[in-house]
Amino acid sequence: VNNLLKTAFAERRPAVGLWQALATPYTAEICARAGYDWLLFDGEHAPNTLQTLLAQLQAVAPFPVEPVARPPIGEAAIIKQYLDIGFRSLLIPMVESATQAERLVAATRFPPAGIRGVASATSRASDFGGQADYLARTHEDICLLVQIESRAALDQIEAIAAVPGVDGLFIGPADLAGSLGHLGQPRHPDVQTAIADALDRIRKAGKPSGIFALDPEDARARLAGGVAFVSAGTDIGLLSGSANALRTACSPS
Ligand code: 3PY
Ligand code: MG
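Right, let's walk through the structure included here.

The rules behind these values
- Numbers given for residues are sequential positions, taken from 1 along each chain in its written order.
- Chain A is the first chain written and ligand 1 is the first ligand written, with later ones labelled in order.
- Reporting of local features is limited, given that this is a predicted model, to residues whose pLDDT is at least 70; pairs of side-chain atoms are given and counted only at 80 or more, and all residues count toward the totals for whole chains, interfaces and linings.
- To obtain the side-chain values, all non-hydrogen atoms of the structure were used and water was disregarded.
- By definition here, a salt bridge exists when the distance from a side-chain nitrogen of Lys or Arg to a carboxyl oxygen of Asp or Glu is within 4 Å.
- Secondary structure elements are taken from DSSP: a helix is a run of H or I of four residues or more, a strand is a run of E of two residues or more, and numbering for both begins at the N terminus.
- For each residue, the accessible area found with a 1.4 Å probe, counting protein chains only, is set against the maximum for its type, and the residue is called buried under 20%, exposed over 50%, and partly exposed in between.
- Near is defined per residue: the residue qualifies when any heavy atom it owns lies within 4 Å of the molecule or strand.
- The term polar contact refers here to a pair of N or O atoms within 3.5 Å; inside protein, the definition further demands a hydrogen-donor-capable atom paired with an acceptor-capable atom, and it admits residues adjacent in sequence only when both atoms are side-chain atoms.
- The accessible surface values rely on the Shrake-Rupley method and a 1.4 Å probe; as for residues, cover is taken only from the protein chains in view.
- Only Asp, Glu, Lys and Arg are considered charged in this grouping, and only Ala, Val, Leu, Ile, Met, Phe, Trp, Tyr, Cys and Pro are considered nonpolar; every other residue, Gly among them, is considered polar.
- Water is not part of the atom set, so a site may look incomplete; the donors themselves are N, O and S atoms within 2.8 Å of the metal, or 3.2 Å for Na, K and Ca.
- For this analysis, a ring pair means two rings from Phe, Tyr or Trp (six-membered ring only for Trp) whose centres lie within 6.5 Å, classed as stacked if their planes differ by under 30 degrees, edge-to-face if by over 60, and tilted for the remaining angles.
- Each cavity reported here is a set of points on a 1 Å grid over the protein atoms alone in which a 1.4 Å probe fits but cannot get out, each pocket an open set with protein on both sides within 12 Å along at least five of seven lines, and each lining residue one with an atom within 4 Å of a point.
- Grid points are joined across faces, edges and corners, and a volume is the space filled by probe spheres set on the points.
- Between any two strands, at least two bridges found by DSSP are needed for them to pair.
- For a crossover, the right-handed case is the one in which the path from the first strand over the helix to the second runs clockwise, viewed with the strands pointing away from the viewer.
- By definition, the arc is the one covered by directions from the helix axis to the C-beta atoms.
- A contact between two residues is defined here by any heavy atoms of the two lying within 4.5 Å.
- For helices, the fitted line uses only the C-alpha atoms of the stretch in contact; every axis is such a line through C-alpha atoms, and the angle between N-to-C directions lies from 0 to 180 degrees.

As a further point, take the pattern of salt bridges. What the rule picks out here adds up to 12 salt bridges. The salt bridge involving arginine 70 is made with glutamate 44; its shortest N-O contact spans 3.0 Å. One end of the pair, arginine 70, is in strand E3 (residues 66–70); the other, glutamate 44, is in the loop between strand E2 (38–42) and helix H3 (50–60), and 26 residues separate them in sequence. For arginine 70, a relative accessible area of 6% corresponds to the buried category. Judged by its relative accessible area of 19%, glutamate 44 is buried.

In structure tokens, the structure reads:
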């Protein structure tokens, strides 16, 4: 298995990630140098196209970091495009049932295991035909992560976690807060209680859990609590935070 995130899960090594929402290869390359275990390329809420995602994949290719893509929706046609350009790891938003999770797994597998459309010699994923065993073996390197981020999803954690081919369950605190009636308040005690319960149930179900941390302290606490993969922040947050701090530091006191 060449997937760095799957390997980290198998070796029980915590994986720290950084959200990429600037949608440019130049900043992705900078972030890839920083030593994160995974980078999340966001097709749901960032202005990404297949072309911008491809350019970012190419930019981070020389570095020992696992690129993870989030499509705008868990749809088979989008998933095959993301896989063909070379993403091996996917984070699917808004997953709420085992049936939906089964369809997502099928979308990542060639027949007869699934329904992924077949291209090999023309895809970057196969090294443009250079991998002789690509069609037979590529599923081994797929890491399918599903987002638990609604009240409906909370009810289905055990069923979703039991689906073979689901490699991890990731809590989205922003959407979960909204779904629980606390829009914009992921730190609300009701939301935090729901998150703690969800993480506990994912652990008991035997699948790696992940979460978008609210700050570095939250990230450290989640990792110490056994969460397998934590997003520590975003490229936009780093840039705007540093830009604001520098401007303030240069004001006459
Ligand atoms: C959320 O918080 O809703 C996300 O999707 C990302 O963490
Ligand atoms: Mg979300």
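Before going further, it helps to spend a moment on the site of ligand 1. What surrounds ligand 1 is the set Trp19, Arg70, Gln147, Glu149, Phe170, Gly172, Pro173, Ala174, Asp175 and Phe212. Here an oxygen atom of ligand 1 and a side-chain polar atom of glutamine 147 are 2.9 Å apart. At 2.9 Å from an oxygen atom of ligand 1 is found a main-chain nitrogen or oxygen belonging to aspartate 175. In the complex, 93% of the free accessible area of ligand 1, which totals 230 Å², lies under the protein chains. Considering each element in turn, the shell around ligand 1 owes the most residues, 3 residues, to helix H9 (residues 173–179). Of the residues contributing to the shell around ligand 1, the split by class is 5 nonpolar, 2 polar and 3 charged.

Attention now goes to the coordination of the magnesium ion (ligand 2). For a metal with four tetrahedral donors the ideal donor-metal-donor angle is 109.5 degrees, while six octahedral donors give ideal angles of 90 or 180 degrees. All of the protein donors around the magnesium ion (ligand 2) are Glu149 (OE) and Asp175 (OD); their distances to the metal are 2.0 to 2.1 Å. Placement of glutamate 149 in the loop between strand E5 (143–148) and helix H7 (151–155) and of aspartate 175 in helix H9 is noted, with a sequence separation of 26 residues between them. A residue is classified by how much of its surface remains accessible, and glutamate 149, at 2% relative accessible area, is buried.

A few words on the packing of aromatic side chains. The final tally for this structure, using the stated rule, is 9 aromatic pairs. Measuring from centroid to centroid gives 6.4 Å for tryptophan 38 and phenylalanine 170, while their planes differ by 90°, and the two rings are edge-to-face. One end of the pair, tryptophan 38, is in strand E2; the other, phenylalanine 170, is in strand E6 (residues 168–171), and 132 residues separate them in sequence. Given the relative accessible area of 1%, tryptophan 38 is considered buried. By relative accessible area, which is 1% here, phenylalanine 170 ends up buried. Judged by centre distance (6.1 Å) and plane angle (40°), the ring pair of tyrosine 82 and phenylalanine 87 falls under tilted. By the burial criterion, tyrosine 82 is buried, and phenylalanine 87 matches it.

Time to look at the layout of surface pockets. Summary: where empty space remains is shown by rolling a probe the size of a single water molecule over the atoms. Taken as a whole, the largest pocket holds about 620 Å³ of empty space. Those elements that provide at least two residues to the lining of the largest pocket are H3, E3 and helix H6 (134–137). Class assignment for the residues of the lining of the largest pocket results in 14 nonpolar, 4 polar and 9 charged. Roughly 300 Å³ of internal volume is contained in the second largest pocket. In terms of lining residues, the second largest pocket is bounded by 14 residues, among which Arg12, Pro208, Ser209, Gly226 and Ala228 are the most central. Classifying every residue of the lining of the second largest pocket by side-chain character gives 7 nonpolar, 3 polar and 4 charged.

As a further point, take the pairing of strand E8 (residues 229–234). Here 4 bridges tie strand E1 (residues 15–20) to E8, and the two strands are oriented parallel to one another. Among the inter-strand pairings, tryptophan 19 is bridged to a residue of E8, identified as threonine 234. A crossover connection joins strand E7 (residues 209–212) to the parallel E8 through helix H11 (residues 216–224); in handedness this β-α-β unit is right-handed.

Those residues of H11 that sit buried are Asp218, Ala219 and Arg222. One side of H11 carries all its buried residues, which in axial view fall inside an arc of 100°. Of the residues in H11, the exposed ones pointing more than 90 degrees away from the buried face are Pro216, Glu217, Arg220 and Ala224. Turning to H11, the residues buried within the fold contact helix H10 (189–204), E7 and E8. For H11, the capping residue at the N-terminal end is aspartate 215, with a side-chain oxygen 3.1 Å from the backbone nitrogen of glutamate 217.

Right, let's get into the sheet that holds strand E4 (residues 89–92). Pairing in this closed barrel of 8 strands is parallel, and the strands run E1-E2-E3-E4-E5-E6-E7-E8 around the ring. Adjacent strand axes in the sheet meet at a mean angle of 25°, parallel and antiparallel pairs treated alike. In the packing of H10 onto the sheet, contacts are made with E6 and E7, and the angle to E6 comes to roughly 175°.

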